[in-house]
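# Structural characterization, general
Spelled out from the first residue to the last, the chains are:
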Amino acid sequence: MERKWIGRLRKGIAFLLLAALTLGLCACAGQSEARQITIYTAVDQVYSEQIFKDFEEKTGIKVNPVYDIESNKTTGLTNKILAEAENPVCDVFWNNEFVQTIELQNAGVLQPYVSPEAADIPDAYKDAEGYWTAFGGRARTLLVNTELLAEEDYPTSIYDLISDKYPGESIAIAYPMFGTTRTQAAALYAALGPEEGRAFFQQIADRGVQIVDGNSVTKDMAVSGQVAIGYTDTDDAKVAVNDGEPVAMVFTDQEEGGLGNLITPNTVCIIKDCEHPDEAKAFVDYIVSLEMEKKLIEMDFFDLSIRPDADVDGLSVKGMTVNLKDVYEMLEVASNDMQEIFAS
């Protein structure tokens with residue numbers, strides 16, 4: 001009788017162990033099959049991390065983020081994507097600019113996806129075949145010292161920078177071989193043509209406009225009254241305005257049919273042959289949506305939406321109609337001309 005009881009006990013224990021093992025294997029299999037995505041981002045972690053958490057909660061897709069802590073974040077991540085081209089690790093690249101996104105497209109490491117959430121984004125901010133989509137961002141702005149200029153005398157066009165209405169020395173711009181001023185030059189080349197674009201910047205130089213080291217410097221010069229007009233970016237300008245300095249932002253060529261004002265957006269793209277294409281599409285849908293533009297404006301990361309009629313709390317700016325890829329195509333020729341005009 002005792003032996004039978006012991007035998008039954010052993011069988012019971014064996015059954016329980018087998019059941020536990022089976023459940024454990026099922027749990028492991030479930031974990032390995034859980035939806036996930038690897039996202040490389042050049043966006044500061046303080047902003048992007050919160051977006052990733054929200055995406056996980058909304059979709060159940062686990063995000064494996066890769067941040068680059070180097071000073072030139074975009075270049076580091078771009079090189080990483082290129083190095084991994086044969087065996088992609090990244091599914092989605094969320095970039096804080098557009099130039100190197102287009103370089104990745106030209107290198108053949110992206111795959112197209114046209115998100116339905118991007119239907120109301122102007123064509124100027126989307127690749128025609130869907131290799132990348134731009135959204136949100138900041139803009140170029142003239143920062144006017146309100147103690148030196150009355151409101152009726154504010155400039156309204158980029159052409160005011162070469163107008164006799166304002167002495168050249170009363171205006172400051174950053175060296176147009178670098179940063180967003182370089183992008184501005186390329187955008188004008190794309191919109192006007194290289195010949196007229198070069199003539200514009202030659203007049204900037206000939207008029208004695210002050211050429212300085214960076215957008216923050218032009219902002220400081222406008223704040224202090226060293227110049228009446230400083231050409232800068234909205235992220236720098238907003239700091240001065242919010243601090244109560246005697247300055248105002250002016251966006252250029254906003255009239256109907258006007259040239260429009262340069263907007264520098266974020267971009268998102270899907271990596272070719274990535275491991276999680278469906279999850280990648282879900283994230284693109286999520287991040288380019290108007291809802292996300294609003295959220296990133298609320299977080300004070302974006303200054304505006306690139307949707308012209310969007311009901312958002314950010315700045316209202318009519319962008320240039322030139323496609324970002326056309327701006328990219330003009331970067332080299334514009335940069336060479338800017339070097340020749342301003343550094344020779």
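Every value quoted in this text rests on a predicted model; they were computed, and no experiment measured them. (Residues numbered from 1 in each chain as written. Predicted model: local features only at pLDDT ≥ 70, side-chain atom pairs only at ≥ 80, totals over all residues. Heavy atoms only, no water.)

### Some words on the packing of helix α5 (residues 179–192) against helix α12 (residues 331–343)
Selection criterion: Every axis corresponds to a line fitted to the C-alpha atoms, with the helix fit spanning only the stretch in contact, and the corresponding angles, defined between N-to-C directions, vary from 0 to 180 degrees. A helix here means a DSSP run of H or I that spans at least four residues, while a strand means a run of E at least two residues long, and both kinds are numbered starting from the N terminus. Convention used here: angles under 35 degrees read as roughly parallel, angles over 145 as roughly antiparallel, angles from 65 to 115 as roughly perpendicular, and any remaining angle as oblique. A clockwise turn of the near helix away from the far one marks a right-handed crossing, whereas an anticlockwise turn of less than a right angle marks a left-handed crossing. We call two residues in contact when some of their heavy atoms are within 4.5 Å. Note that Gly is not counted as nonpolar here; it falls among the polar residues with everything else outside the nonpolar set of Ala, Val, Leu, Ile, Met, Phe, Trp, Tyr, Cys and Pro and the charged set of Asp, Glu, Lys and Arg.
Where α5 meets α12, the closest approach of the two axes is 9 Å, and the angle between their N-to-C directions is 115°. Classified by the angle between their axes, α5 and α12 sit roughly perpendicular to one another. As for how α5 packs across α12, the hand of that crossing is right-handed. Contacts between α5 and α12 involve Arg182, Thr183, Ala185, Ala186 and Tyr189 from the former and Leu331, Val333, Ala334, Ser335, Asp337 and Met338 from the latter. Here the contact of α5 with α12 is built from residues that sort into seven nonpolar, two polar and two charged.

### Focus on the state of the cysteines
What we call a disulfide is simply a covalent bond connecting the sulfur atoms of a pair of cysteines. Where we set the bar: Counting rule for disulfides: a pair of cysteine sulfur atoms within 2.5 Å. Three exposure classes are used, based on accessible area relative to the maximum for each residue type with a 1.4 Å probe and protein chains only: buried under 20%, partly exposed in between, and exposed over 50%.
Across all of its chains, the model carries zero disulfides by this definition. Its sulfur unpaired, Cys90 is 7.3 Å from the next cysteine sulfur, which belongs to Cys269. Cysteine Cys274 shares no disulfide, and the gap to the nearest cysteine sulfur, in Cys90, comes to 8.1 Å. Its relative accessible area of 9% is what places Cys274 among the buried residues.

### A closer look at the packing of aromatic side chains
Keep this limit in mind: For this analysis, a ring pair means two rings from Phe, Tyr or Trp (six-membered ring only for Trp) whose centres lie within 6.5 Å, classed as stacked if their planes differ by under 30 degrees, edge-to-face if by over 60, and tilted for the remaining angles.
This structure, assessed with the given rule, holds 12 aromatic pairs. Note on Trp94 and Phe135: the rings are 6.4 Å apart at their centroids and 40° apart in plane angle, and the pair reads as tilted. Of this pair, Trp94 sits in strand β3 (residues 92–95) while Phe135 sits in strand β5 (residues 133–145), and the two are 41 residues apart along the sequence. Classification of Trp94 by relative accessible area gives buried; the value is 0%.

### Section: the packing of helix α6 (residues 194–206) against α12
A packed helix pair is summarised by two numbers, namely the angle formed by the two axes and the spacing between the axes. Taken N-terminus to C-terminus, the directions of α6 and α12 make an angle of 20°; their axes are 10 Å apart at the nearest point. As far as their axial angle goes, α12 and α6 are roughly parallel. Of the two possible hands of crossing, α6 and α12 adopt the one that is right-handed. Residue-level contacts link Arg198, Phe201, Gln202, Ile204 and Ala205 of α6 to Asp337, Met338, Glu340, Ile341 and Phe342 of α12. Its residues assigned to classes, the contact of α6 with α12 comprises six nonpolar, one polar and three charged.

### A few points about the pattern of salt bridges
The condition that has to hold: The salt bridge definition used is simple: a Lys or Arg side-chain nitrogen within 4 Å of an Asp or Glu carboxyl oxygen.
The final tally for this structure, using the stated rule, is 15 salt bridges. The residue Glu279 makes a salt bridge to Arg35 at a minimum N-O spacing of 3.1 Å. With Glu279 in helix α9 (residues 277–287) and Arg35 in the loop between α1 (2–32) and β1 (36–41), this pair connects stretches of sequence that are 244 residues apart. Its relative accessible area of 41% is what places Arg35 among the partly exposed residues. The residue Arg307 makes a salt bridge to Glu293 at a minimum N-O spacing of 2.9 Å. Taken as a pair, Arg307 in the loop between α10 (290–298) and α11 (324–329) and Glu293 in helix α10 lie far apart in primary sequence, 14 residues in all. Of the two residues, Arg307 and Glu293, both sit in the buried class. Several salt bridges share partner residues, and in doing so they unite Arg138, Arg140, Asp233 and Asp235 into one network.

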